[in-house]
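# A look at the structure
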Amino acid sequence: MSTLYKAHRAVASNAKGIDYFVGDIHGNLSGLLVHLHSLGFNFSTDRLFACGDLINRGENSIGCLELLMQPWFFSVFGNHEEMFLRSFDEPAFYQALVKNGGEWIKALAHQPGKLMALAQLIRIKMPLTLSVSSKHGKVGVAHADSPQNWQAISLDNTCIHHCLWSRRNMNEKNKGIKIAEISFTVHGHNSVHSPVIINNQIWIDTLQFSGNFTILSTAQLAQLIV
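Before going into details, it helps to say that this report is about the structure given with it.

Once that is clear, we can look at the packing of aromatic side chains. For any pair of aromatic rings, the description consists of the separation of the ring centres together with the inter-plane angle of the planes. Applying the stated criterion across every chain, the model contains 10 aromatic pairs. An angle of 50° between the planes, with centres 5.7 Å apart, marks the rings of Tyr-20 and Phe-41 as tilted. You can see Tyr-20 sitting in strand 2 (residues 19-22) and its partner Phe-41 sitting in the loop between helix 1 (29-39) and strand 3 (47-50), a full 21 residues away along the chain. You can call Phe-41 buried: its relative accessible area is 6%.

In this section: the sheet that holds strand 1 (residues 8-11). The mixed open sheet is built from 6 strands, whose spatial order is 1-5-6-7-9-8. Looking at which strands have only one partner, the edges of the open sheet turn out to be strand 1 and strand 8 (196-198). Put simply, the sheet's adjacent strands are angled 25° from each other on average, direction ignored. Where strand 5 (residues 129-134) meets strand 6 (residues 137-142), 6 bridges bridge the pair, whose relative direction is antiparallel. Bridge pairing in strand 6 places Ser-133 opposite Lys-138.

Looking now at the pattern of salt bridges. With the rule as written, the count across this model stands at 5 salt bridges. Taking the shortest distance from any N to any O, the salt bridge between Lys-114 and Glu-66 comes out at 3.0 Å. Of this pair, Lys-114 sits in helix 5 (residues 112-125) while Glu-66 sits in helix 2 (residues 61-66); the two residues are 48 residues apart in sequence, bridging distant segments of the chain. By relative accessible area, Glu-66 is classed as partly exposed at 29%. Notably, a salt bridge pairs Arg-86 with Glu-90, separated by 2.9 Å at the nearest N-O pair. Taken together, the salt bridges that share partners define one network made up of Glu-82, Arg-86 and Glu-90.

Turning next to unusual backbone geometry. Even without glycine at this site, Asn-56 takes up a positive phi of about 80°. Relative to the helices and strands, Asn-56 is located in the loop between strand 3 and helix 2. Overall, the relative accessible area of 0% leaves Asn-56 in the buried class. We note that Glu-181 has phi near 65°; this positive angle belongs to a residue other than glycine. We classify Glu-181 as exposed; its relative accessible area is 52%.

The rules behind each value
- Residues numbered from 1 in each chain as written.
- Predicted model: local features only at pLDDT ≥ 70, side-chain atom pairs only at ≥ 80, totals over all residues.
- Heavy atoms only, no water.
- Phe/Tyr/Trp six-rings, centres within 6.5 Å; stacked < 30°, edge-to-face > 60°.
- Helix = DSSP H or I, 4+ residues; strand = E, 2+ residues; numbered from the N terminus.
- Buried < 20%, exposed > 50% of the residue type's maximum accessible area, 1.4 Å probe, protein only.
- Pairing = 2+ DSSP bridges.
- Axes fitted to C-alpha atoms, helices over the stretch in contact; angles between N-to-C directions.
- Salt bridge = Lys/Arg side-chain N within 4 Å of Asp/Glu carboxyl O.

See below:
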């Protein structure tokens, strides 16, 4: 597992533009670009940070992965990327990938070079977590959830589970913990109708339930934290 990706990447503050954050994209490249243009996103100075799950379900998983080559786009590793990488060696993960919107991979069955290039892009460009510095504090990005202390980010199995699969705080809202050593964290994975805030965590994956992305700037996210 730990060789699939890196644990963490720190990103410096954006001195020239605005940083935005989005939940799971799931292959919906055209919808994402339409939304960014509606926001007036400046592709020269602004940046977009995604919460993982770039692939499956939508019409252009490959195009979404290729966004990772753009200087304005960043993403953490999601559980759908885990299924993709593990599908090379484990048939159960291939079956799970196809079952969960990954039919697109069948078209690449006779293009192993393309598959390997996409896998390498994921390994290099999609860490388990991101920390983004800003004037509003340091923003943590992880796909599903976070360990209780952000400084405990690692590639041990417990941390991987929290970041890729856990629904702990979403399922136990009244017992939700505050994540230490980070101003606030942003997540996808859990489909919601509108952003959900629990202590200093925010879940913004609204695409599946509403049909629309939620894309918020660092300032807008900071305003949601009480």
